[in-house]
Structure formats: C-alpha cells, structure tokens
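Coordinates in review
Here is what each chain is made of, one letter per residue.
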Amino acid sequence: MEVAGSAASGRTWRIAFLTLRDETLMTSSHTSFLPLLDNLIFSNSSTLITDVSQLPPHEVTSDVMLMLELAVGKTSEGPQDMADTFVKLCHLINGVSHRVGLEMNSSYWTLMLNSLGRMVELFVGKVSTREVQSGNSASIRATIECLETIRCICNTYRRKCSLSDIVQLVKFLLSVVEWSHASLYSPSYSSGNQRCAAESESKIPRDYSLWEVQTIAFSMIGDLFSSFGTSFQVDTWQSTIEVLRKVIDILASKTLLVEDNVRSRFYTALLDCLHMVLMDPKCSISDHVAGFVAGLRKFFTYGLSDSGRTQTMHPVANNKDNKLISPSLGLTESRKSESGPYRPPHLRKKDGPNILKSEAPVSLSSFEHNSSFVEHMSSDSDYSDSDGSVKNEDGLRSSKARVASIICIQDLCQADPKSFTAQWTMLLPTNDVLQPRNYEANLMTCLLFDPYLKARIASASTLAAMLDGAPSVFLQIAEYKESARHGSFTALSSSLGQILMQLHSGILYSIQRENRRRLLAPLFKILILLISSTPYSRMPVDLLPAVISSLQTRIEAGFPGDQTGLLALAISCLTAALSTSPSSLPLQEMILVEISTGTVETRGKPAILHTIFQYSEQVTSPMISFEALQALRAVSHNYPNVIVACWEQVSTIVYKMLRLTIPEVPRRSWDLHGGNTVGSAVEKVVTAAIKVLDECLRAISGFNGTEDPFDEKLLNEPFGSDCIRTKKISSAPSYGLEDPEIAKYKLKACRSGDKEWSEAIENHLPIVLNHSSPVVRAASVTCFAGITSSVFSSLSKQNQDFILSSSITAAVKDEAPTVKSAGCRAIGVMACFPQISHSAEIITKFIHAAEINTHNQFVSVRITASWALANICDSIRHCISMGLSSDSALIASLAKCALRLTTDGDKAFLSCVTTGNVKVQWNVCHALNNLFQNGTLRLQDMNWAPSVFSILLLLLRDSSNYKIRIQAAAALAVPASIVQYGTAFPDVVQSLEHILENVGSLQNSVPASYQYRVALEKQLTSTTLHVLGLSSATDNQALKDFLIKKATFFEEWFKVLCASLGEISTQSEADSSSNKSQKTEIVCKAIKSLVDLYEAMNHHAIAERFKKLLNSIL
C-alpha cells in the first residue's frame, strides 16, 4: 500500500530526477552520463511511466528536456552503446508523452527535434544494415516511437507553435525519409533482402519495418501540408517535392510494385502526401510532371490480380476495333457481386478476420493500443455496397493506393495544365480502349475495369480535369486518320485524333451500361467536355451522329431511381452535341430524314426531335423542360433548315411555356430541385422558351447579323480587300449546309418570315414583354434584334409600330440594365434599315434613347448604347451620300457623345487606353470613322478635332486589341485633304511611321487578336500611303525634317511594297488586275508626293532614289 501510494503521488519520478540532477552537478563534464541514466532512469522505466501522470506537465517537461540533453548532447560513447541507450530513451519518452501533455516552447521544440533527429539518424543511417536486418527490430521500433512521440506532442503544441517550428518539423521528417530511403535502397540492404527475405519477414513484425517508418513520416508530412501548406515558403515546398520525386522515381524504375499490407500502406501514405503538396504549388512543376506521371502510372493496376480482374467490366467483342459506339451495341449484363447472402457493410468488416487469412498481431511496446496510427484503417463507408463484396483488407488498401495515384494525376493536371498536355499520350489510350490491360494501363483502363467504384469515380474526375484544363487550341489540332502511323513516328495531331476516338468509345460505352448514379453523373460531365473539345470536322463524319444516337438510346432506356438529375445531364450532353460548330451534314441528313418520313419513330425508336419536343413540354419538371428547350434552341441555331419545317410544333410548345407566366396556371405539381423556388423555376423555363422563339424567328427570316462596317470599308480599299475573312456572327443561325445527297429532303427554308413574326408579335411576345422578371423582359426585347429589314418592311404598320415602341420603351423607361441593353441592341439593328434611316422622326427617337443610355452606370448598357450610336452614324452617312439633308445640330451632338464615350472608365482617356472597355472603344472608333465621312462636316473648324486625332493615335499605338487598332487606323485615313487634319497632321504622320517601324515586334496584344494581324498591317499600309500622298502640301518644317530623317526607312518600306504588287492574288483575274491597278495608283501618288517634298527641300539625291522606285512600278 505504501508503494502504491508513493507511485500515485509521483514520488518515484521526483526522487529519480532529483537524484539525477544532483549527480550531474557532481560529475565531471568529461564523464559519461549513460551509466547514470541506466541506473536511475532506464532501469525503472515502467514504474516511472506509470508514476508520471500524477505530476504537473511543466515539471515533467523540464525533466524530459534534461534527460535528452544528457543522453544526446553530452555523450561520447560508440554507436552501439549509444544505440542501446537511445532505444531505452525513446521508449520512455514515448510512454511519457502519451500520459502527460508536455508543455513545449520554441527552445524545447528545437532540442526535442534535434535530439530525436540524432537518434533516428543513428537508428536508420549509421547502424549497419546487417544489424538492422539481423532480426533485432529494436532500432526500427525505436524510430517509430520517436515519430509517434513527435506526433503526440505536435497534436497539442501545434495550436500555439510558430510557423518556423512547423517548418523545422517538416525538415526533420524529410530527413527521416531520406535516411530510411538510403538504407532501404543501399546495396547491402538489397542483397540482404534477397538472401533472407523470408527469414526477416518472419522475425520482424510488420509494424516495425523501414517501410513503416516512411509510411508514418509521409503521413505526418501530408498532415502538416494540409494544415499549414498555404503558409509555407517556396524553399520548404521545393525541398518536399524533391524528396517525393526521388522516392517516386525509384518506384517508376521497378518492373512491378510489391503487393502486401505494409507496402500498400506505404504507397497510400506517400501518394496522399504528394496530393497535399501538389494542391498548393508554390512554383512551376514543369520539370517534375513527366517523372511523377511515369511513377504514378505504375499504380493504375496495383493490387489487381487476375482473379480480381474477373470482377471488372467485360470488353465489347470486336466492335470494329472500337472506333465508334453505336446504339445497337451489344451490352453485357452488369457485373454481379459474389454469390452468397447479403451482409451489410459494417458486418462484412466484422466478419473480415473469419474470411481472411489471419495474421497474429504482435504486441510490442506501449503504442500497440494506438495501432491505427500506422494501420490507416478505413471507415465503414469504404465498404460500399456499390463495390460488391470486399474480399480482404489487402484489396481495400491497394485500391486506396490506386485512388490516391489517380488523384495525384489530377493534381498535376491542375497545377500545370500546359506542361501536362505532353503526358496525354501516356495517360490515354490510342487503341483498343475496351480491352483490359495488365500492363501499360491508362486512365480509361481504370474507369472501365477497376472493380472499386471510388477508383472509377476518381478516374472520371481526372479525365474531366484533363479535358477542362487543356489549352483551348490544344485539341483543335487533332485529326483522325485510318492509317495514322508512318514508320515509327506518329504526328501529334494523329495521336490526339486517336485518343479522342477512344475516349468517345469508352465514355459512350460506360454511359450505356452504367447504372450507378455516383458514376453516371461524372460520365455525363466528361462527355460534355469531350464534345466541346473535339474538332468534329477533322474526325470521322459519322462520329457526331453516333454520339447523338447513343445519348438518345440512353435517354429512352431511363435511369435508376429519381432520374431527374441524370436525365437533365443527358439532355445537356445532347445540347452540347447539337451546338458543335461547324454543323454536321450527316446529322442534318439524319434529322431531315426523320422529318421527311412524317413519323416520330425511325427504326423502331423515337426520332431525336420527337424526344426533344417531348421533354420540352414537361411542365411538371422545370429542370428537364429547361434542358430540352436548350437543346431545341441549339437545333434552331445550328440547323435552321430543320427548324423551319417544325415551326408549328415549336410555336405551340413556346406558347404553352409562356402561359406559365399567367397566374391562373397551376404550379403545385412542379418537381423542383436544387432549392429553386417556383418563381425562379418558371423564370428560367420561360426565358429559355423565349430564346427558342428568338432563334426560330431568326432562322426563318434569314437573319445574318448586322453588317460589319469594317469589312465593308476594307472591300473598298485595295490593300484591305484581299484579307477579308469569312464572318461568324454568333447570334445568327448557321446557314449554308448543303449536300446533293440530301437534296430530296430539301425543305423550303427561305420563307419571308412575316407570317411567323406576325404570329409571335400577336400571340407570344405580349404575354412576356411586361413580365415582372427583368430577365424575361430582356429576352423578349432581344427578339426584336433578330428581325431583318425585309421582314420588317413586310409587316403591317401596326406591328412595325409595336416593335419600335417596345424597343424604345425598353431602352428609355425600363429600370433594369439588362432590359435597357436589349432595347439599345434592337435600336442598333433597326437603325441600319433603309426605311428607318429615311425617317427623321424615328432616327431622332433612336438617338435620344441611345444617348441617354451612354450615361448609364452599367458598362453593359453603355456598350450596346455606343454600338447603337455607331450604327446610327453609319445610317446618317448613307443618307447624306444619297443626297438627303442632315441636321447639323444632330451631327454635333453625336460627335460630342462619341468624344465623351472615349473616356469611358470614369478616368482620363490615357487611363482608359489601358483600363477602358474594349467594346466601347471599338464602337467609338467606328462612330468617328463614319462621322469623318460626312461631307458637310468642316472637320478643321471643330475645336474638338485635335483631341479626336490624339485619341485615335493613342488607341492605334497602345491598344492590346487589334480590331480597335484597325478601326483607329481606318478612321485616321478618312480626311481627304491635309486641311481637314489641321494641326494634327504632323503627329499623324510621325505616329504612323513609328508604328510601321515596330510592327514586326508587336507584343502587347491578346492571343485572340492574332488572327487580325494581317488586316492591321494592311490597314496601316493603306492609311500611311494616304497621309504620305498629302505630305507634299505641308508647310510644317518639323514634319519636313522628320521625313528627310526617315527617308531610308521609307525607301526600304516602299521597296517591299512595290515588290508585293506583283504577287499572285487569290481573286479572279479581272478583280486581281483591277486591284493591282488601284494599289499601284495609290503607291505612285505617295512616292510622287515624297519626291516633290524632297526636291523642294533641295535633297535631290534622296528624290532620285524615290524616282527609281516610281519608275520600277510604272
């Protein structure tokens, strides 16, 4: 009883450490402290560990630090003697740390890490591998106890420790990994393993191997990066990634990975750690991507024995080399789990030991009770019913490693998408996607054949990340060829084409036969990304129709349980396929055949349009109805010939949807998802229906968008006419699909559209123009922006007035910015109509509506308002050119408004050049261009003219958008005489020369502008020739001196220009001859002007050189 009471009071501990302190004071500093520690402390470890829980934490902490300092810091014994002492010390500190929360500070923390670091280095680095592998596992056991001690202390200390303390811990753990890694892969260790692997496995408990040391270390590093990773500096991150890379490289060099419990836990901890580190990259990982991918691929089939593979999905038998998936695909039955009575997941786990080969646990040291620390056991949720019966824990652990490796692949993709594209051919199949692979597995192998659902879901997520993260132009070079390989080389474009084909086959196959909701949803998302990334014009012509047919087959087959979400995703995929550009001739043929038969079924199944119409009318499910209306809109936009024949059905469906806005229509039966209210659901569906109506009306009336004044002007300029590009107007339907094979199905697509427009104006639009929702009102007004001049003129006066008044009212009186913007857009479209431009009353109303909205606080409104003003200016210019009178006050107000818009951005224009809105600036440049062409305007007398020229020159020089530069250069070429330029003429000439001199090194442009570079150079040439042709009349001495100084540059520039006059043109012979003649005339005028100027300045030598140029082209 006395002994027990003594222990309970902590007396044993206090006596031992008081004696230790007294002895150290009386002992010489050169004397070893190890015998003292053995006699006083280690010989009585068990009692001390039991006794310590009764003592204050600060006292215990101080005693532990003393013990560390004596044992580690003041010892000079040999390695073996030190190792024995350190083993005892680790055991004692580990036991103490689990019973008392040690009160640490930075100095104690440093002492602890340094001391334990020295011990671990001795255990796994200095001691010979023969000793480590001789069957004596004490050193490795002690190493694990050190790590467990640190983890236990860190759990309490991390709340108040500094970042430097955490970084210190990371460095300690990385050192542990490197020491153990060096021992594992040292020649003596490897040879020892080969000689007595079986013997060592039987003697060393599974929890006490160097693999387990690394497992714990990586687990702790991953935990630290999870908690503090965002705060780590670059050097900490880089040192960690380098250690991980070293370990992964070793694994990549192995032919096969070892499959056992210990190794599975190690691999999982390693990959989980890599995941945590890659989640927040601190610098470029481009140098590591290829190495990591090579190692991670090794895990794609890790733990899948031949027997395990029998549970996976079976391949399709000889499906024409799996090039295409068709709806007639013979699908096998879904895989069933092993026979036997059903047992819930939690009971399966409990039954595990009865099913598995038992492994007798070895009870060693005080931390056996905390074995979960190294076991990494999973929760019951890992034993999902969806995965079938779990055979053994080895299978579960190996599946975790597979999942972790796939997630790391996704991390690499997201961390460096550009570098990652080089790994596509390593990670994705180029052939035989539906055949299982024992070696060289890829992500599609995991998606199709892995028996573990979470691995397949992870594969789907990674595939989606790859498709979503790839640069937009990367997959556009893909091209499928039947014989892509020539010798040993395959072009990247061909490899990508083969990959896209295999992805289509594998994903469509999975969608057809998969019934698990958790996997079907990601599969549909992959398909949407795949469709949007595939250049179908460079793929087999029947690929896109096969996608449509496969989706329709799956939609008609239905989905398990509540199918709303999956059905909506499937229809969304259908919309993506129908929205691909350019449109597909075979797909149009397929739909036209359906329509021409006059039936709703083809080959015993519903037609695609019938399916879309059917789901569009599902008012009880707004999500489904919305997605189906989106698909119907895609058909209207991409296949206008198809939708023309379906106007009656479309009109009926749209009208039915619009009537949902009427309060009397019941909505109680609506199936709402995602927390939507009835009001928001109705709003979305009604808006989608209006947009369908808009697209159909555009398709029927032949809407091609408003004319592009820039291209119109280039057509009239010799240097611009040969660089006109085919325009793609996003708001216009995709006309032009023709094929002799489908001529027999040709429908009458060129209706006037007046009947359909009248029906929409009288029946559909009045229901929604005054809707309470701004989104619905905006969509309604936007319909008017799709009307054509011919349709407008064919309407009754009443319907014309309805359109005009509705558009002006929306722009002026509606408070919602979206509605105002829609009204301005409609005004901008109709301002180009001849019958509108001839009406001064309507034009005045249009100007008033647009000008008011240029003051609006929302930039979206100002953009459309300025665009409308630009079109109004163009309309006025056309009227004046036809001899009609113009209102000078009206023109002055337009000029004033244009000048004000150039400062859009609420700052001075100099700031606006870099921060202002691009669309506003483009529209202003275009408006000024048209304004300058007004013959009644005396530009030289306008006090605002110099500011306008300065603004245009700044835009031409500094804008990052080539289209703005083109418009600015075109506007600068409008004044017909040097007088009209006024005092700005010298600045114009000098600025153009400077830009020409540096045009080859234009860098400050966005990539999307590069396609306009040739057009910019042509416009710069045209504008420069124009002003040089006027330069002989200048009396500005500074300009004359400048032209003499730059004579050499202009001479070389003219030489290149003259040589280009003889280049072959793509135009017809007559047009080419006329174009060359016009170019020659303009060039001659500019050279003659410079010759006159140089002769007047008595620079005859320069003049003679230019005369030679002149003679060379005459």
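All values reported here derive from a predicted model rather than from experimental measurement.

Now for the packing of helix 25 (residues 517-533) against helix 27 (residues 564-578). Their axes nearest at 9 Å, the elements helix 25 and helix 27 cross at an angle of 10 degrees. By the criterion of interaxial angle, the relationship of helix 25 to helix 27 is roughly parallel. Here helix 25 and helix 27 pass one another in a crossing that is left-handed. Mapping the contact onto sequence places Arg517, Leu520, Ala521, Phe524, Lys525, Leu527, Ile528 and Ile531 in helix 25 and Leu566, Leu569, Ala570, Ser572, Cys573, Ala576 and Ala577 in helix 27. Here the residues of the contact of helix 25 with helix 27 sort into 12 nonpolar, 1 polar and 2 charged.

Further remarks concern helix 38 (residues 797-812). The terminal C-alpha atoms of helix 38, which comprises 16 residues, lie 22 Å apart, in line with the 22 Å expected from a rise of 1.5 Å per residue. If you follow the buried residues of helix 38, they end up packed against helix 35 (754-768), helix 36 (774-782), helix 37 (789-794), helix 39 (817-830), helix 40 (834-837) and helix 41 (840-853).

What follows is about the nonpolar core. Buried together is how nonpolar side chains tend to be arranged in soluble globular proteins. Counting residues in each nonpolar core, the largest one holds 343 residues, and the members touching the most others are Trp424, Phe1054 and Phe1106. In terms of residue count, helix 33 (residues 678-701) provides more of this core than any other element does, 12 residues in total. Ignoring sequence-local partners within four residues, the contact set of tryptophan 424 consists of Met466, Leu467, Ala470, Phe474, Leu475, Leu496 and Ile499.

With that settled, the discussion passes to unusual backbone geometry. Keep in mind that most residues, glycine aside, have a negative phi and that most peptide bonds are trans. Cis geometry marks the peptide bond from serine 581 to proline 582; its omega dihedral reads 0 degrees. Assignment of secondary structure puts proline 582 in the loop between helix 27 and helix 28 (585-597). At aspartate 432, a residue that is not glycine, the phi angle is positive and equals roughly 45 degrees. Mapped onto the fold, aspartate 432 is located in the loop between helix 21 (424-427) and helix 22 (443-449). Its relative accessible area of 35% is what places aspartate 432 among the partly exposed residues. Look at asparagine 1098: it is not a glycine, yet its phi comes out positive at around 65 degrees. Here asparagine 1098 lies in the loop between helix 53 (1069-1096) and helix 54 (1100-1113).

Taken as a whole and judged by the stated rule, the model has 23 salt bridges. Residue aspartate 249 pairs with arginine 245 through a salt bridge whose shortest N-O separation is 2.9 Å. Of this pair, aspartate 249 and arginine 245 are both found in helix 13 (residues 234-252), 4 residues apart, which corresponds to roughly one turn of the helix. The closest approach of N and O atoms between lysine 1055 and glutamate 1051, which form a salt bridge, is 3.9 Å. With a gap of 4 residues between them, lysine 1055 and glutamate 1051 both fall in helix 52 (residues 1047-1060), about one helical turn apart. For lysine 1055, a relative accessible area of 39% puts it in the partly exposed group.

Their axes nearest at 11 Å, the elements helix 10 (residues 163-184) and helix 13 cross at an angle of 20 degrees. By the angle between their axes, helix 10 is roughly parallel relative to helix 13. Classified by chirality, the crossing of helix 13 by helix 10 is left-handed. Of the residues in helix 13, those in contact with Val167, Val170, Leu174, Val177, Glu178 and His181 of helix 10 are Thr236, Ser239, Thr240, Val243, Lys246, Val247 and Ile250. Residue composition of the contact of helix 10 with helix 13, by class: 7 nonpolar, 4 polar and 2 charged.

What counts and how
- Residues numbered from 1 in each chain as written.
- Predicted model: local features only at pLDDT ≥ 70, side-chain atom pairs only at ≥ 80, totals over all residues.
- Heavy atoms only, no water.
- Axes fitted to C-alpha atoms, helices over the stretch in contact; angles between N-to-C directions.
- Helix = DSSP H or I, 4+ residues; strand = E, 2+ residues; numbered from the N terminus.
- Parallel < 35°, antiparallel > 145°, perpendicular 65-115°, else oblique.
- Left-handed = near helix turned anticlockwise from the far one by under 90°.
- Contact = heavy atoms within 4.5 Å.
- Nonpolar A, V, L, I, M, F, W, Y, C, P; charged D, E, K, R; others polar.
- Expected span 1.5 Å × (residues − 1).
- Core = buried A, V, L, I, M, F, W, Y, C linked by side-chain atoms within 4.5 Å.
- Buried < 20%, exposed > 50% of the residue type's maximum accessible area, 1.4 Å probe, protein only.
- Salt bridge = Lys/Arg side-chain N within 4 Å of Asp/Glu carboxyl O.

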